[in-house]
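Understanding the architecture of this molecule
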Amino acid sequence: FAQAAPQRSWPPNNPADVAALPAMTADFLIGMGCCVVAGLFFGTNYLPLKQVDCGDGFYFAAAMSLGILVVGVVVNFALSTGPVYESAEFYPLAMLGGMSWMLGNLMTPTIIKRLGLGLGLTVWDLSNMI
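Since the model is a prediction, treat every value here as computed from it, not as a measurement.

Considered for burial, the residues of helix α5 (residues 108-115) that qualify are T108, P109, I111 and I112. For α5, the angular spread of the buried residues around the axis is 165 degrees, confining them to a single face. Away from its buried face, by an angle of more than 90 degrees, α5 presents the exposed residues K113 and R114. G116 sits one or two positions beyond α5 and adopts a positive phi of about 95 degrees.

A word on a nonpolar patch on the surface. On the surface, F90, L93, M95, L96, M99 and L103 cluster together to form a nonpolar patch covering roughly 660 Å² of accessible area. One can find L103 in helix α4 (residues 92-105).

Let us now look at the nonpolar core. Counting 8 residues, the largest nonpolar core is built from Y46, L49, F60, M64, I111, I112, L121 and W124. Of all the elements in the fold, those that place two or more residues in this core are α3 (58-79), α5 and α6 (117-129). With near-sequence residues (within four places) excluded, I111 lies in contact with G116, G120 and W124.

When pLDDT is averaged along the protein chain, the result is 76; 75% of the residues meet or exceed 70. The secondary-structure element of the protein chain with the lowest mean pLDDT is helix α2 (residues 47-51), recorded at 74, while α3 shows the highest, at 81.

Contact geometry for α3 and α4: axes closest at 9 Å, N-to-C directions at 150 degrees. Seen along the crossing, α3 lies across α4 with a hand that is right-handed. Residues F60, A61, M64, S65 and I68 of α3 form the contact with α4, whose participating residues are W101, M102 and N105. Looking at the contact of α3 with α4 residue by residue, the classes come out as 6 nonpolar, 2 polar and no charged.

All right, on to the environment of G120 then. For G120, the position within the fold is in helix α6. A relative accessible area of 0% places G120 in the buried class. Those residues within four positions of G120 in sequence are excluded, and the remaining contacts are I111 and L115.

Rules used in this analysis
- Residues numbered from 1 in each chain as written.
- Predicted model: local features only at pLDDT ≥ 70, side-chain atom pairs only at ≥ 80, totals over all residues.
- Heavy atoms only, no water.
- Buried < 20%, exposed > 50% of the residue type's maximum accessible area, 1.4 Å probe, protein only.
- Helix = DSSP H or I, 4+ residues; strand = E, 2+ residues; numbered from the N terminus.
- Arc of directions from axis to C-beta.
- Patch = residues over 30% accessible without salt bridge, like charges linked within 9 Å, V, L, I, M, F, W, Y side chains within 5 Å.
- Areas by Shrake-Rupley, 256 points an atom, 1.4 Å probe, with all protein chains shown as cover.
- Salt bridge = Lys/Arg side-chain N within 4 Å of Asp/Glu carboxyl O.
- Core = buried A, V, L, I, M, F, W, Y, C linked by side-chain atoms within 4.5 Å.
- Contact = heavy atoms within 4.5 Å.
- pLDDT = per-residue confidence, 0-100.
- Axes fitted to C-alpha atoms, helices over the stretch in contact; angles between N-to-C directions.
- Left-handed = near helix turned anticlockwise from the far one by under 90°.
- Nonpolar A, V, L, I, M, F, W, Y, C, P; charged D, E, K, R; others polar.

Below, the structure written as structure tokens:
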């Protein structure tokens, strides 16, 4: 049987735990800041769909896919440490996940038109988490 992890007391009395608190607090604040920025950008990325007639969703999905591709290429070259022809590590399963996500985005304009922006995106995001 696996042994349980030792219980840590609060406030920490171990000098190593006390020394790690500022770094943990900084990491926590950076993480919360990233969550706020992601919430703002992911929460507003479909607002133009409410104002513009985008048809059946294929143009929307193509434009979104091209935008994601451009950002991916820029990040790939930014993360490369060697020459340009050596890129960062490639994960094919992530590519398949992105493909299925893009196929799901084909339905976004239809969902927003039928259910509205608030309810449509709530249902959409909940189904994405599953």
